[in-house]
Amino acid sequence: MNYPDDRRYTKEHEWIRAEGDNGTVGITHHAQQELGDIVYVDLPKVGARIEQGKSLGSVESVKAVSDIYSPVSGEIIEVNEALAQTPEKLNEDPHGAAWLVKIRLSAPDEVKKLLSAADYHAYVGAES
Amino acid sequence: MPQSVSLKRTPLHAVHVSLGARMVDFGGWEMPVQYSGLVDEHYAVRRAVGLFDVSHMGEIEIRGREAMQLVDYVSTNAAAKLHIGQAQYSGLLYEHGGFVDDILVHKVADDHFFLCVNASNQEKDFDHIRGANRFDAVVDFASDRYAQLAIQGPLGLRTLEKLTPVDLARIGYYWFTDGMVSGTPARIARTGYTGEDGFEIYIAPAEAPRVWNEILEAGREFGIKPCGLGARNTLRLEAKMALYGHEIHASINPLEADLGWIVKLDKGDFIGRPVLAKQKEQGLRRKLVGFEMRGRGIGRDGYEVRLDGAPAGWVTSGSPAPSLNRNIGLCYLPAGEARVGRKIEVMVRNQAVEAETVSTPFYKRAKSA
């Protein structure tokens with residue numbers, strides 16, 4: 001699997017693509033594969049304040065429910081509302097159209113400490 | 001995920017890995033949970049045919065002049081009523097009435113019974129049966145001698161018949177026969193854990209990879225898919241078949257589990273009978289019942305169930321039902337409340353979500369000719 005190098009990754013299998021003070025957050029291909037057929041996506045409301053490492057929502061598949069941990073701290077400025085109606089998009093395009101939320105970063109330096117694409121790839125390669 | 005070196009593997013482990021299956025720890029066994037995808041595999045079984053490796057299941061053979069008496073004494077169903085070549089779902093109970101395991105009993109001959117038991121319970125079952133053996137019978141732990149494959153779905157028969165001279169259509173539901181499959185001796189049973197027609201075959205472990213591949217090849221024209229434990233779970237749940245560790249365990253008896261049909265109180269003494277007879281007379285405390293979610297959410301194993309706001313029971317299994325496009329589950333409720341049409345609330349991650357008890361099974365296949 002190709003993990004795009006325009007973003008950073010967490011060991012909990014989220015990604016964030018930062019542009020200036022804002023970042024787009026999603027879950028990785030590896031995460032969707034582990035979960036299998038996704039049936040629900042629960043996301044926070046716009047305006048919610050989120051802390052790095054804390055739950056920002058959950059993804060539920062036929063098999064299991066899994067928390068999404070925020071890769072950064074900040075405020076939710078946009079939510080991918082389409083996922084409520086089409087949660088299966090998370091299986092199909094987790095790195096693209098099925099992003100989860102956009103966050104205004106309160107501590108942009110947090111991003112730099114996350115895993116690079118190569119490091120994440122090595123991490124999931126070793127894990128599986 | 002770091003995996004313990006002590007996980008047991010079936011003879012098909014390398015085959016699963018080569019097919020790209022996602023492997024998980026299932027009760028100490030490294031088993032495929034899915035290949036192409038749970039829902040995809042689920043539909044393959046409902047509409048065509050799926051192939052499962054269930055070699056982790058255990059086998060116990062009981063032989064001897066009083067083999068039937070021993071089986072009848074340790075199990076709840078009437079082993080004495082079985083004909084040669086017939087199989088029966090049954091329960092192994094403790095004296096207090098709780099489940100040691102649920103099992104399939106096959107009568108091979110008057111002096112030979114073949115038991116298929118749950119993987120994680122096999123040693124416990126063996127000890128339990130041996131401990132109760134005051135009969136002229138020998139209890140043999142046979143799991144190492146068998147691999148088991150399940151060919152399930154409406155096109156299972158047409159798949160398997162390409163590989164055997166046995167007239168499969170003549171094997172009735174819950175009957176079996178011994179014959180050749182892919183040139184190797186097999187016990188061929190018309191049983192399953194999916195709610196579909198199909199077969200479970202028991203073969204020598206060394207033959208399993210070859211037979212597996214030949215079944216996949218034979219079923220290719222029908223769209224056969226290798227299926228993992230994920231689909232096995234949604235299929236059995238739709239058909240309301242119990243799973244040990246969920247619907248049944250040591251603290252649950254078969255009457256509570258809505259399995260009264262496998263309890264034959266009139267057959268004579270068996271382990272657990274006095275407690276069950278008393279419960280039947282005095283009434284049950286709790287009972288298993290099916291439910292459907294009405295609100296948004298999935299009631300999963302272990303979630304609390306409330307009645308009118310007060311804690312009243314727990315979910316034993318819950319999942320989206322791919323065949324039904326609804327979220328279904330099974331739960332224990334106080335026996336007096338376990339009736340169809342009761343509004344309940346399932347606590348889904350600290351939120352009460354509305355649900356309603358429904359009749360089961362959730363899914364029933366159309367009767368074939």
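Computed from a prediction, not measured in an experiment: that's the story for all the values here. By convention here, each chain's residues receive numbers from 1 onward along its written sequence. Going through the entries in the order they are written, you letter the chains from A and number the ligands from 1. The model is predicted, so local features are restricted to residues of pLDDT at least 70 and side-chain atom pairs to those at 80 or more, both for listing and for counting; the totals for chains, interfaces and linings are taken over all residues.

This part is about the overall build of chain A. The numbering of helices and of strands both runs from the N terminus, where a helix is a DSSP run of H or I of at least 4 residues and a strand a run of E of at least 2. Per the secondary structure count, chain A includes 4 helices and 9 strands. Listed by position from the N terminus, the elements making up chain A come as β-β-β-α-β-β-β-β-β-α-α-β-α. Each radius of gyration reported is based on C-alpha atoms, and the globular scaling rule is 2.2 Å times the count of residues to the power 0.38. The C-alpha atoms of chain A give 13 Å as radius of gyration, which agrees with the globular expectation for 128 residues (14 Å, within 12%). Taken along the three principal axes of its C-alpha coordinates, chain A extends 35 × 35 × 20 Å. Partly exposed residues are those whose C-beta has more than 12 but fewer than 20 other C-beta atoms within 10 Å; with 20 or more the residue is buried, with 12 or fewer it is exposed, and the C-beta atoms are placed from the backbone. Residues counted as buried form 41% of the 128 residues belonging to chain A. Once C-beta atoms are placed from the backbone, any two residues with those atoms within 7 Å are in contact. Of the contacts formed within chain A by residues at least 6 apart in sequence, a portion of 63% connects residues at least 24 apart.

A separate point is the overall build of chain B. Scanning chain B from N- to C-terminus turns up 8 helices and 19 strands. In terms of C-alpha radius of gyration, chain B reaches 20 Å, essentially the compact-globule figure of 21 Å for 369 residues. Out of the 369 residues belonging to chain B, those deemed buried represent 48%. Contacts in chain B between residues at least 24 apart in sequence constitute 66% of all its contacts with a sequence separation of at least 6.

Another aspect to go through is the interface of chain A and chain B. Counting residues at the interface gives 8 residues for chain A and 11 residues for chain B. In this classification, Asp, Glu, Lys and Arg are treated as charged, Ala, Val, Leu, Ile, Met, Phe, Trp, Tyr, Cys and Pro as nonpolar, and every other residue, Gly included, as polar. Considered class by class, the residues forming the side of chain A that touches chain B number 3 nonpolar, 1 polar and 4 charged.

It is worth spelling out the sheet that holds strand β10 (residues 176–181) of chain B at this point. Adjacent strands of a sheet form backbone hydrogen bonds with each other and so pair up, either parallel or antiparallel. All names here are of chain B. Spatially, β10-β11-β12-β9-β3-β13 is the arrangement adopted by the 6 strands of the open sheet, whose pairing is mixed. Here the strands that pair on one side only, and so sit at the sheet edges, are β10 and β13 (225–227). Going across the sheet, the axis of each strand differs from the next one's by a mean of 30°, ignoring polarity. In this structure, β10 lies alongside strand β11 (residues 184–189), joined through 6 bridges in antiparallel fashion. By the convention used here, strands pair only if DSSP detects at least 2 bridges between them. Each axis is a line fitted through C-alpha atoms, taken for helices only over the stretch in contact, and angles between the N-to-C directions span 0 to 180 degrees.

Confidence per residue, as judged by the predictor, is encoded in pLDDT with a range of 0 to 100. Summarising the model, chain A shows a mean pLDDT of 94, and 98% of its residues fall at 70 or more. Across chain A, the secondary-structure element scoring lowest on mean pLDDT is helix α4 (residues 117–127) of chain A, at 87, and the one scoring highest is strand β9 (residues 101–105) of chain A, at 98.

Moving on: the environment of B:Thr194. Residues and elements named next belong to chain B. Relative to the helices and strands, Thr-194 is located in the loop between β11 and β12 (198–203). C-alpha of Thr-194 to C-alpha of Glu-221: the two residues are 27 residues apart in sequence and 22 Å apart in space. Not counting the four nearest positions on each side in its chain, Thr-194 is found in contact with Val-45, Gln-152, Leu-235, Arg-236 and Ala-239.

As a further point, take the pairing of strand β7 (residues 112–117) of chain B. Residues and elements named next belong to chain B. In terms of burial, β7 is largely enclosed, as 5 of its 6 residues are buried. In this structure, strand β4 (residues 58–63) lies alongside β7, joined through 6 bridges in antiparallel fashion. Each residue of the ladder has a partner; that of Ile-62, found in β7, is Phe-113. Relative to β7, strand β6 (residues 99–109) runs antiparallel, the two being bridged by 5 bridges. Bridged to Val-105 within β7 is Leu-115. Connecting the antiparallel pair β6 and β7 is a turn made up of 2 residues.

This part covers the sheet that holds strand β18 (residues 343–348) of chain B. Residues and elements named next belong to chain B. One closed barrel accounts for 6 strands, arranged β14-β17-β16-β15-β18-β19; its pairing is antiparallel. Neighbouring strand axes in the sheet, compared pairwise and without regard to direction, differ in orientation by 45° on average. When β18 meets strand β19 (residues 351–358), the two strands line up antiparallel, connected through 6 bridges. In the strand pairing of β19, Met-347 is matched with Ala-352.

Turning to the confidence of the model for chain B, a few remarks are in order. Of the residues in chain B, 98% have a pLDDT of 70 or more, and the chain-wide mean is 96. Predicted as a complex, the structure gets a pTM of 0.93 and an ipTM equal to 0.83.

With that settled, the discussion passes to the domain arrangement of chain B. What fixes the domain bounds is an automatic or database domain assignment. Examined at the domain level, chain B breaks down into domain 1 (13–55 + 146–238), domain 2 (58–128) and domain 3 (285–369). Listed by partner, the interface residues are 11 residues for domain 1 of chain B and 9 residues for domain 2 of chain B.

Before going further, it helps to examine helix α4 (residues 122–131) of chain B. Residues and elements named next belong to chain B. Gln-122, Asp-125, His-128 and Ile-129 are the residues of α4 that are buried. Along the axis of α4, the buried residues cluster in a sector spanning 125°; they form a single face. Facing away from the buried side of α4, by more than 90 degrees, are the exposed residues Glu-123 and Gly-131. Turning to α4, the residues buried within the fold contact β4, α3 (67–74), β5 (87–93), β6, β7 and β8 (138–141). This arc is taken over the directions from the axis of the helix to the C-beta atoms.

What follows covers the nonpolar core. Residue and element names in this part refer to chain B. In this usage, the nonpolar core is the set of buried Ala, Val, Leu, Ile, Met, Phe, Trp, Tyr and Cys residues whose C-beta atoms join them within 7 Å. Formed by 119 residues in total, the largest nonpolar core has its most connected members in Ile-62, Val-71, Val-105, Leu-115 and Leu-149. Element by element, the count of residues in this core is highest for α3, at 6 residues. Judged by nonpolar contacts, the second largest core, of 6 residues, contains Ala-21, Met-23, Met-31 and Leu-229.

Residues and elements named next belong to chain A. The topology assignment puts Gly-74 in strand β8 (residues 74–79). Separated by 22 residues in sequence, Gly-74 and Gln-52 have C-alpha atoms that sit 8.1 Å apart. Filtering out sequence-adjacent residues up to four positions away, Gly-74 remains in contact with Ile-50, Ile-103, Arg-104, Leu-105 and Ser-106.

Before going further, it helps to examine unusual backbone geometry. Peptide bonds are mostly trans, and most non-glycine residues show a negative phi. Residues and elements named next belong to chain B. The step from Thr-360 to Pro-361 runs through a cis peptide bond, and the omega angle for that step is 0°. Even without being glycine, Tyr-174 reaches a positive phi, approximately 65°. With 16 C-beta atoms packed within 10 Å, Tyr-174 lands in the partly exposed category. The backbone phi angle of Arg-349 is positive, close to 45°, even though this residue is not glycine. In this structure, Arg-349 sits in the loop between β18 and β19. A tally of 13 C-beta atoms within 10 Å means that Arg-349 is categorised as partly exposed.

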